[in-house]
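# Breakdown of the fold
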Amino acid sequence: MRLSVLDQSIALEGQGQDAAIRDTLSLAAYAEGLGYARFWLSEHHGLPSIVGSAPEILMAAIAARTRRIRIGSAGVMLPHYSALKVAEQFRVLEALAPGRIDLGVGRAPGGDMRIAQALNPNAYGAAEHFPEQVRDLQAWTSQASHRGLTAHPLGPHAPEVWILGSSDYGAQLAAHLGLPYAFAYFFTDGQGVERALELYRSLYRPSERHPTPQATICVWALVAERGDDARHHAMSREHWRMARMRGELGPLQDPDRIAERGFRAEDAAALEAMRAKAFVGDVAEVSARLRALAAGLELDEMVINSWSFHSEVRRNSYALLASEFGLEAQAGT
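Residues numbered from 1 in each chain as written. Predicted model: local features only at pLDDT ≥ 70, side-chain atom pairs only at ≥ 80, totals over all residues. Heavy atoms only, no water.

## Description of the overall build of the protein
Looking only at helices and strands, one finds 13 helices and 9 strands in the protein. In terms of overall dimensions, the protein is globule-like: its C-alpha atoms have a radius of gyration of 19 Å, near the 20 Å expected for 333 residues. Taking the principal axes of its C-alpha atoms as reference, the protein extends roughly 65 × 45 × 40 Å. Across the protein, contacts joining residues at least 24 apart in sequence account for 74% of those joining residues at least 6 apart. For the protein, the computed accessible surface area is about 14,400 Å², with 52% contributed by carbon and sulfur atoms. Positive and negative charge centroids in the protein, built from 33 and 39 side chains respectively, lie 3 Å apart. (Helix = DSSP H or I, 4+ residues; strand = E, 2+ residues; numbered from the N terminus. Rg over C-alpha atoms; globule rule 2.2 N^0.38 Å. Contact = heavy atoms within 4.5 Å. Areas by Shrake-Rupley, 256 points an atom, 1.4 Å probe, with all protein chains shown as cover. Lys, Arg positive; Asp, Glu negative; His and termini not counted. Charge placed at Lys NZ, Arg CZ, Asp CG, Glu CD.)

## What about the pattern of salt bridges?
If the charged atoms of two oppositely charged side chains come close together, the side chains can form a pair. Going through the model one piece at a time under the given rule, you end up with 24 salt bridges. Of the charged contacts, one joins R314 and D7 as a salt bridge, the two residues approaching to 2.5 Å between their closest N and O atoms. Here D7 lies in strand β1 (residues 2-7) and R314 lies in helix α13 (residues 311-324), a separation of 307 residues in the sequence. Assigned by exposure class, R314 and D7 land together as buried. One salt bridge in this structure joins E301 and R38, with 2.8 Å as the shortest N-O distance. Taken together, the residues span a long stretch of sequence, with E301 in strand β9 (residues 301-305) and R38 in strand β2 (residues 38-41) at a distance of 263 residues. A relative accessible area of 6% places R38 in the buried class. A single salt-bridge network, built from bridges that share partners, covers R2, R38, R70, D102, E160, D300 and E301. (Salt bridge = Lys/Arg side-chain N within 4 Å of Asp/Glu carboxyl O. Buried < 20%, exposed > 50% of the residue type's maximum accessible area, 1.4 Å probe, protein only.)

## Describing the packing of aromatic side chains
Evaluation of the coordinates by the stated rule reveals 7 aromatic pairs. Judged by centre distance (5.2 Å) and plane angle (75°), the rings of W40 and W162 are edge-to-face. Of this pair, W40 sits in strand β2 while W162 sits in strand β5 (residues 160-165); the two residues are 122 residues apart in sequence, bridging distant segments of the chain. The burial state of W40 is the same as that of W162; both residues are buried. Centre to centre, the rings of W240 and W307 are 4.8 Å apart; their planes meet at 70°, and the pair counts as edge-to-face. You can see W240 sitting in helix α9 (residues 227-245) and its partner W307 sitting in the loop between β9 and α13, a full 67 residues away along the chain. When its relative accessible area of 5% is taken as the criterion, W307 is described as buried. (Phe/Tyr/Trp six-rings, centres within 6.5 Å; stacked < 30°, edge-to-face > 60°.)

## What to know about helix α5 (residues 130-141)
One turn of the α-helix equals 3.6 residues, which is why residues spaced by three or four share an orientation. Here α5 contains 12 residues, and its C-alpha end-to-end distance of 16 Å stays within 8% of the 16 Å for a straight helix at 1.5 Å per residue. Of all 12 residues that make up α5, 9 are buried, and the element is covered over most of its length. In this structure, the buried residues of α5 make contact with α3 (83-96), β4 (101-106), β5 and α6 (168-177). (Expected span 1.5 Å × (residues − 1).)

## Comments concerning the packing of α9 against helix α11 (residues 268-277)
Contact geometry of α9 with α11 gives a least axis separation of 11 Å together with a crossing angle of 130°. On the basis of their axis angle, the class for α9 and α11 is oblique. Seen from above, α9 lies across α11 with right-handed handedness. The segment α9 lies against α11, with M235, E238, R241, M242 and M245 engaging A270, L271, M274 and R275. (Axes fitted to C-alpha atoms, helices over the stretch in contact; angles between N-to-C directions. Parallel < 35°, antiparallel > 145°, perpendicular 65-115°, else oblique. Left-handed = near helix turned anticlockwise from the far one by under 90°.)

## Description of helix α12 (residues 283-297)
With 15 residues, α12 ought to run about 21 Å at 1.5 Å a step, and its terminal C-alpha atoms sit 21 Å apart, in line with that. Regarding α12, the residues found buried are V283, V286, S287, L290, L293, A294 and L297. Buried residues of α12, viewed axially, fall in a sector of 125°; they line one side. Turned more than 90 degrees away from the buried face of α12 sit A292, A295 and G296, all of them exposed. Those residues of α12 that are buried are in contact with α7 (185-188), α8 (193-203), β7 (215-224), β8 (279-282), β9 and α13. (Arc of directions from axis to C-beta.)

## Overview of the side chain of E94
In this fold, E94 is placed in helix α3. Nearest to the buried, unbridged E94 among oppositely charged side chains is R70, at 5.6 Å. For E94, the side chain forms a polar contact with the main-chain nitrogen of G99, separated by 2.4 Å. E94 has contacts with G99, R100, I101, H157, A158 and P159, leaving out every residue within four places of it along the chain. (Polar contact = N/O pair within 3.5 Å; in protein donor to acceptor, adjacent residues only side chain to side chain.)

## Here's the deal with the environment of A270
Residue position: A270 is located in helix α11. Considered as a pair, A270 and E238 are 32 residues apart in the sequence and their alpha carbons are 9.8 Å apart.

## Focus on the side chain of T24
Examined against the element boundaries, T24 turns out to sit in helix α1 (residues 17-34). Since its relative accessible area comes to 0%, T24 is described here as buried. For T24, the contacting residues outside a window of four places in its chain are D7, S9, F39, L41, L58 and I62.

## Looking at the nonpolar core
Ranked by internal contacts, the top residues of the largest apolar core, which has 69 residues, are Y36 and I217. Contact partners of I217, with chain neighbours within four places excluded, come to F183, Y185, V193, L197, L293, L297, L299, E301, M302 and V303. In terms of nonpolar packing, the next biggest core, distinct from the first, is built from 25 residues, L6, I50, W220 and V280 among them. (Core = buried A, V, L, I, M, F, W, Y, C linked by side-chain atoms within 4.5 Å.)

Given below as C-alpha cells:
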C-alpha cells in the first residue's frame, strides 16, 4: 500500500508562525527520502494554528527541493478564486515539476465568512458554482483551449485534478466528472466514509485520464516506539480540538504542560470518544488498524496527517510508518 502525507503548517506556542512554513518545506524533503508517494498541503485562512494559507506558493518551494515525490494542494478552496488563474498557477507548477503536480480542490471556505468575503467579494453563493468551476479547471489544465482561452504555459504534462471532501456531495461530483476523490476522514473521525466511497464508486463515469475510480482517505495518525509516548504527544492535538469546540483558537501547545494541568472535567466524555477512534499508539498497533481500514474500504493508498509539538516526534512517526509499510527510501533526497 502507498502512503502519502498531508501537512497543514501547524503553528507552535512560543515560536513564530513563519517557522511552521519552513518546517513544512523541511518535512517535504524528509518525506520524499522516506518513500512517501505524495506531499499535500492544506489551505486555511485566519487561523492562528493552521497557517498554510497559500499551498501553491509552498508547492513551488517544495518543487525546487525535491525530485520524485508528487506535490499537491489539499486543497485549493476554489470558490475564492478564478478557475483560470488557478489553472495558470498550476500549469506553472507543472512546468517546474513535470508529472508531479496534484491539484486538489474543495468548496469549503477554509475559514469563516468574513474571510471568504475578503478573499472574494461575491462569496455568498460562490460555492453554488463549484461544479462549473471544476469543469473549467479540468479544461484549462489540460492541453485544450476552452472558451477561446488557453492557460499557459503549455507542456507535455497536466496537473492531476482531485476532488476533496468529507460528505456525499464531493463524492458524487467526483464520480460525475470522472475525477479522483479524497475523503477527509480526519475531519469527522471517519463518519460517512463508507457511504461516500460507495457512492463515488457506484456512480463513477469513466473519463479519458481516469477510466476507473481512484480514491483515498486522509487520516490523522501519530506513532512512536512506545504507545504511551505517542499518546502523550497526541495530547497537543487533543487539547487543540477541545479548545476549538469551545471557540478558542491558538497555536499547538507543549504536551508536557498539558499533562501537568490536565484536561477539564467536562471534556472527559468527548476525549474518551476521540481517543477510541484515534490512530495513536505504537507502530505495530496503529499499522494494523490502518491496514484493516484500508482493506475494508478497498484502498491501495492512504494519506497521513500528523501533528506534534516537537518536530522530531512527528518525523519519527512518519519514519516508523514508512518502515512498517515497506516504503522504498530514496537515496540522496
